Amino acid sequence: MNPPIVTFLNNKGGVGKTSLVYHLAWMYFDLGLKVVAADLDPQANLTAAFIDEERLEEVWEGNSDRNTVFRCVQPLLKGIGDIAAPKLENLEKIEDGLYLFIGDLQLSGFEDELSSQWSACLDGKERPFRVISAFWRLLTQAATDSEADIVLVDLGPNLGAINRAALIAADYMVVPLSPDLFSLQGLKNLGPTVVRWRKEWQERIPKNPATDFSLPTGQMQPIGYIILQHGVRFDRPVKAFQRWIEQIPTTYHTEVLQESPESLVPASNSSTDVNRLALIKHYQSLMPMAQESRKPIFHLKPADGAIGAHLSAVRNVYFDFKELAEKIATKIELPLPSLET
Amino acid sequence: MDWQELAELFRDLESDRVERKASAADGKKIRQAICAFANDLPNHQKPGVLFIGVNDDGSCANLSISDRLLTELAGIRSEGKILPMPVLRVEKHTFDGCEVAVIVVQPSDAPPVRFEGRTFIRVGPRRAIATLEEERRLNEKRRAGDLPFDLRPLPSASTDDLDLDIFQREYLHSALAPEILEENQRSIEQQLVSLRFCTPPPEFSPTNLGILVAGKQPRQLVPGFYIQFVRFDGKELTDPIRDQKEIDGSLIDLLRYMDEVLQANISTASDITTQPLEIKKPDYPIVALQQLIRNAIMHRSYEQTNAPVRVYWFSDRIEIHNPGGLFGQVNRQNFYQGVTDYRNPHLAEAMKNLGYVQRFGVGIPIAQKQLEKNGNPPAEFDIQDSYLSVTVRRAA
């Protein structure tokens, strides 16, 4: 059984998505799961959140041939072979049981190839399928090697070919949003696009001529959205956020789930909507403190500057993320270990 | 524990002093088991043993036991996730033709031992988190005799000398896991005892640890618990003094204020001509100074001396003087060769809980590495019988 692959996608940037994935990865680890966090965003922000520049320099400037996502797909891109599947030692071990599949700025160079091979799949040749399924095969390999219970994938904010290939690899999709016009408009593009991708992939699967490697089923099932206030600008009236928040359930329902507006449970206002996984508040000064210490907020200690009132805020963040992690786990039917064994 | 005894335990599928793991992949479970054995709730007063490389039913898992695996397992001791630091031994053995890694865990002198802020115990063949009642039993097991300085009661102090506000607001949150605190129905007295800040009833008096970490004015009770900071305008002790401070207060205040003093005294030169980008170069790397001064606070002797930790800042060097010579198994020959010992192990625990220590046994290597990176010569240690000093020189 492959562990669930959960992607986080929004086509509007700057909503705090990477930091959300980072904190969730730590929370699942804290709750006792083995986690792989994969950075498929060519901006590599998730990677930068986990490891410092010195280590990054070692990795990116070093010679190891398959320590980043890009280097693993490179042989395929050069046409000299298939992907170079990562071994456990090519994943960055953050803790025993928490691994990072390192991102790479060069990954953007894969975009064109993914784009052209997408239509080539329809010709029924083998290589296009190898290219399109590359991410999925890398992620499942990484998950198998590390005995992971869950794989979390961070993506760049666009609807390009890299994200299409990543979504095909995904079992589940979570949409992080900020309560503003841009995110809401973004949903109207995102929803139909994902539905189209799913359909197009289903058309392609039967045309695969090769039998020696398996393909992802392309579930990419949307399991809900998370409202993040990190991206909120407080120079706009607070009342306006509420207005956007109110519109999110309907937009998500009609555009992402593609269900008729009438089927939305009438009582679903913004806070009772079943699709809303969480509303994550702006953590003000805790976020820069956490980034500087290279820790999730809920691991901050007095030595990091979290003193007095900060510490109780730190505890609230812990419970916010714990609740969110449990909610996602329930939706994807992932059992969480109890601490007692 | 010899091979014979281990072999008997290896074959004994019933013993609750044994736990088997097929592989080392589940690091958390291994650490929980070590924590549970260290707590020794059933009171065996004998070590608990973890066999890695064998299945639950006793059959061999054919795991290859590499040096790297053994080193990783041995590293669990000092990574600071299990507090206070567990006493354990890691060995490779072959029993009935099956190669296994063996971790032998001694019962702790000062339970409750916690992993990630949770007290794990063994109840028969399973592991669990201690209930209030079980924690109380663990507290009572803490032996009275032969205690390290930091666990001894301080007879002249009463709970009035503790700043309960700091204790509850800052220390509890740092030491215990959030869910444990959430479910916590313990009284403040129970909390103080369970974190070793007070001795268990009937005496119920603050320990040295309690006073140092959360005392209102620890210096009144432990006279040497402060840092004397002097900045000289020259290279000699007799040169004029530019600045001087006595930094005292509870551990939390003391360490925080020390960081600020260091920040304020380090000068950072900016080079804007040699490269298109401005190069910033401090005269001393702050991380190295922090490590060395925190080390001094953690390892110094607080007994039979009223001397403070001294930080003398000269124009060409910084000297950190520390009362108390080397301790325990550390001697002049093996100093800084990877051997560590703790005069104040529970103070070390508190500093780890507060985040001032990342991992045990790496302070000096980190300091040296940072000095090298910044272009300073390596720190020089002067080891005497009753004091230790370290000199850090300015970057050229």
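This text goes with the structure placed above it.
Read on for a plain summary of the structure.

Criteria and thresholds
Residues numbered from 1 in each chain as written. Chains lettered and ligands numbered in written order. Predicted model: local features only at pLDDT ≥ 70, side-chain atom pairs only at ≥ 80, totals over all residues. Heavy atoms only, no water. Helix = DSSP H or I, 4+ residues; strand = E, 2+ residues; numbered from the N terminus. Rg over C-alpha atoms; globule rule 2.2 N^0.38 Å. Buried < 20%, exposed > 50% of the residue type's maximum accessible area, 1.4 Å probe, protein only. Contact = heavy atoms within 4.5 Å. Areas by Shrake-Rupley, 256 points an atom, 1.4 Å probe, with all protein chains shown as cover. Patch = residues over 30% accessible without salt bridge, like charges linked within 9 Å, V, L, I, M, F, W, Y side chains within 5 Å. Salt bridge = Lys/Arg side-chain N within 4 Å of Asp/Glu carboxyl O. Lys, Arg positive; Asp, Glu negative; His and termini not counted. Charge placed at Lys NZ, Arg CZ, Asp CG, Glu CD. Pairing = 2+ DSSP bridges. Axes fitted to C-alpha atoms, helices over the stretch in contact; angles between N-to-C directions. Parallel < 35°, antiparallel > 145°, perpendicular 65-115°, else oblique. Left-handed = near helix turned anticlockwise from the far one by under 90°. Nonpolar A, V, L, I, M, F, W, Y, C, P; charged D, E, K, R; others polar. Core = buried A, V, L, I, M, F, W, Y, C linked by side-chain atoms within 4.5 Å. Buried area = accessible area lost by both parts, 1.4 Å probe. Phe/Tyr/Trp six-rings, centres within 6.5 Å; stacked < 30°, edge-to-face > 60°. Lys NZ or Arg CZ within 6 Å of the ring centre and 35° of its normal.

### Examining the overall build of chain A
Reasoning step 1: Counting its secondary structure elements, chain A contains 12 helices and eight strands.
Reasoning step 2: A compact globule built from 341 residues should have a C-alpha radius of gyration of about 20 Å, and chain A, at 20 Å, falls within 12% of that.
Reasoning step 3: Taking the principal axes of the C-alpha coordinates as reference, chain A spans close to 60 × 50 × 45 Å.
Reasoning step 4: The burial tally for chain A puts 57% of its 341 residues in the buried class.
Reasoning step 5: Counting contacts in chain A only where the partners sit at least 6 residues apart, residues at least 24 apart contribute 77% of the total.
Reasoning step 6: Carbon and sulfur atoms form 49% of the exposed surface of chain A, whose accessible area is close to 13900 Å².

### Some thoughts on a negative patch on the surface
Reasoning step 1: Together, A:D52, A:E53, A:E57 and A:E61 make up a negatively charged patch on the protein surface.
Reasoning step 2: Mapped onto the elements of the fold, A:D52 is located in the loop between α2 (45-50) and α3 (53-61).

### So, the sheet that holds strand β5 (residues 98-105) of chain B
Residue and element names in this part refer to chain B.
Reasoning step 1: On the basis of which strands lie adjacent, the open sheet formed by four strands has the order β1-β2-β5-β4 and mixed pairing. Only two strands of the sheet have a single partner each, and these edge strands are β1 (18-21) and β4 (88-95). When strand polarity is set aside, the average angle formed by the axes of neighbouring strands in this sheet is 25°.
Reasoning step 2: Note that β4 and β5 share eight bridges and pair antiparallel. Within the sheet, the bridge partner assigned to L88 lies in β5 and is V105.
Reasoning step 3: Strands β1, β2 (48-52), β4 and β5 of the sheet are contacted by helix α2 (residues 27-39), whose axis makes an angle of about 160° with β2.
Reasoning step 4: Strand contacts of helix α3 (residues 67-75): β2, β4 and β5, with the helix running at about 145° to β4, the strand carrying the most contacts.

### A look at the sheet that holds strand β3 (residues 92-95) of chain A
Hydrogen bonds along the backbone pair up the strands of a sheet, which may run parallel or antiparallel.
Residues and elements named next belong to chain A.
Reasoning step 1: With respect to topology, eight strands assemble into an open sheet ordered β3-β4-β2-β5-β1-β6-β7-β8, the strand pairing being mixed. Since the sheet does not close on itself, it has two edges, and those belong to β3 and β8 (276-280), each with one partner. The sheet shows a mean angle of 20° between the axes of neighbouring strands, taken without regard to direction.

### Observations regarding the pairing of strand β9 (residues 227-232) of chain B
Residue and element names in this part refer to chain B.
Reasoning step 1: Counting buried residues in β9 gives six out of six residues, a clear majority hidden from the surface.
Reasoning step 2: Burial of the side chains of β9 extends over both faces: I227, F229 and R231 are buried on one face and Q228, V230 and F232 on the other.
Reasoning step 3: The pairing of β9 with strand β10 (residues 241-247) spans six bridges and is classified as antiparallel. Pairing of I227 across the sheet is with I247, part of β10.

### Looking at the pattern of salt bridges
Reasoning step 1: Across all of its chains, the model carries 47 salt bridges over all chains by this definition.
Reasoning step 2: A:R127 serves as the salt-bridge partner of A:E113, at 2.9 Å between the closest nitrogen and oxygen. Pair noted here: A:E113 is in helix α5 (residues 111-120) and A:R127 is in helix α6 (residues 126-132), with a separation of 14 residues, a long-range link.
Reasoning step 3: Note on A:E113: relative accessible area 17%, which makes it buried.
Reasoning step 4: Using a relative accessible area of 31% as the deciding quantity, one classes A:R127 as partly exposed.
Reasoning step 5: Its salt-bridge partner being B:R127, residue B:E19 comes within 2.6 Å of it at the nearest N-O pair. Here B:E19, found in strand β1, pairs with B:R127, found in strand β8 (residues 126-129); they are 108 residues apart in sequence, far enough to count as distant. Take B:E19 and B:R127: they sit in the same class, and that class is buried.
Reasoning step 6: Through salt bridges that share partners, A:K93, A:D96, B:R31, B:R68, B:E72 and B:E79 make up one connected network.

### Structural notes on the packing of helix α11 (residues 286-299) of chain B against helix α13 (residues 363-374) of chain B
All names here are of chain B.
Reasoning step 1: Two numbers describe how α11 lies on α13: the axes approach to 8 Å, and their chain directions differ by 155°. When the axes of α11 and α13 are compared, the pair comes out roughly antiparallel. Like other packed secondary-structure pairs, α11 and α13 cross with a definite hand, here left-handed. Facing α11, whose interface residues are V287, A288, Q291, L292 and N295, α13 presents G363, I364, I366, A367, Q370 and L371.
Reasoning step 2: Residues of the contact of α11 with α13, tallied by class, amount to seven nonpolar, four polar and no charged.

### Comments concerning the nonpolar core
Reasoning step 1: With 63 residues, the main nonpolar core has B:Y171, B:F197, B:I227, B:L251 and B:I297 as its most contacted residues.
Reasoning step 2: Setting aside anything within four residues of it in sequence, one finds B:Y171 in contact with B:I166, B:L195, B:F197, B:V213, B:E349, B:A350, B:N353 and B:L354.
Reasoning step 3: Judged by nonpolar contacts, the second largest core, of 61 residues, contains A:V69, A:L107, A:L155 and A:Y225.

### Some remarks on the pairing of strand β15 (residues 380-383) of chain B
All names here are of chain B.
Reasoning step 1: Note that β15 and strand β16 (residues 387-393) share four bridges and pair antiparallel. What sits directly across from D382, in β16, is S389.
Reasoning step 2: Counting the residues in the hairpin turn of β15 and β16 gives three residues.

### Focus on the interface of chain A and chain B
Reasoning step 1: Each partner contributes residues to the interface: chain A has 23 residues there, and chain B has 31 residues.
Reasoning step 2: When chain A packs against chain B, close to 2400 Å² is buried across both sides, 49% of that on carbon and sulfur atoms.
Reasoning step 3: Across the contact surface, chain A and chain B share five salt bridges.
Reasoning step 4: The salt bridge partner of A:D96 is B:R31, with a shortest N-O separation of 3.2 Å.

### Some remarks on unusual backbone geometry
Residues and elements named next belong to chain B.
Reasoning step 1: A cis amide bond, omega -10°, links L83 with the succeeding residue P84.
Reasoning step 2: Assignment of secondary structure puts P84 in the loop between β3 (82-83) and β4.
Reasoning step 3: Following P201, the chain continues into P202 via a peptide bond in cis, with omega recorded as 10°.
Reasoning step 4: Counting through the fold element by element, P202 comes out in the loop between α7 (188-194) and α8 (208-214).
Reasoning step 5: The backbone phi angle of N62 is positive, close to 50°, even though this residue is not glycine.
Reasoning step 6: Positive phi is not limited to glycine here, since R196 has a value of about 70°.

### Here's the deal with the packing of aromatic side chains
Reasoning step 1: On inspection of all chains with the given rule, the structure shows 25 aromatic pairs over all chains.
Reasoning step 2: Plain terms: the ring middles of B:F51 and B:F95 are 5.8 Å apart, the flat faces sit at 90° to each other, and that makes the pair edge-to-face. Highlighted residues: B:F51 in strand β2 and B:F95 in strand β4, separated in sequence by 44 residues. The same class applies to B:F51 and to B:F95, which are both buried.
Reasoning step 3: Between the NZ or CZ atom of A:R204 and the centre of the ring of A:W118, over which it lies, the distance is 4.2 Å.

Shape is all these values report; function is a separate question.
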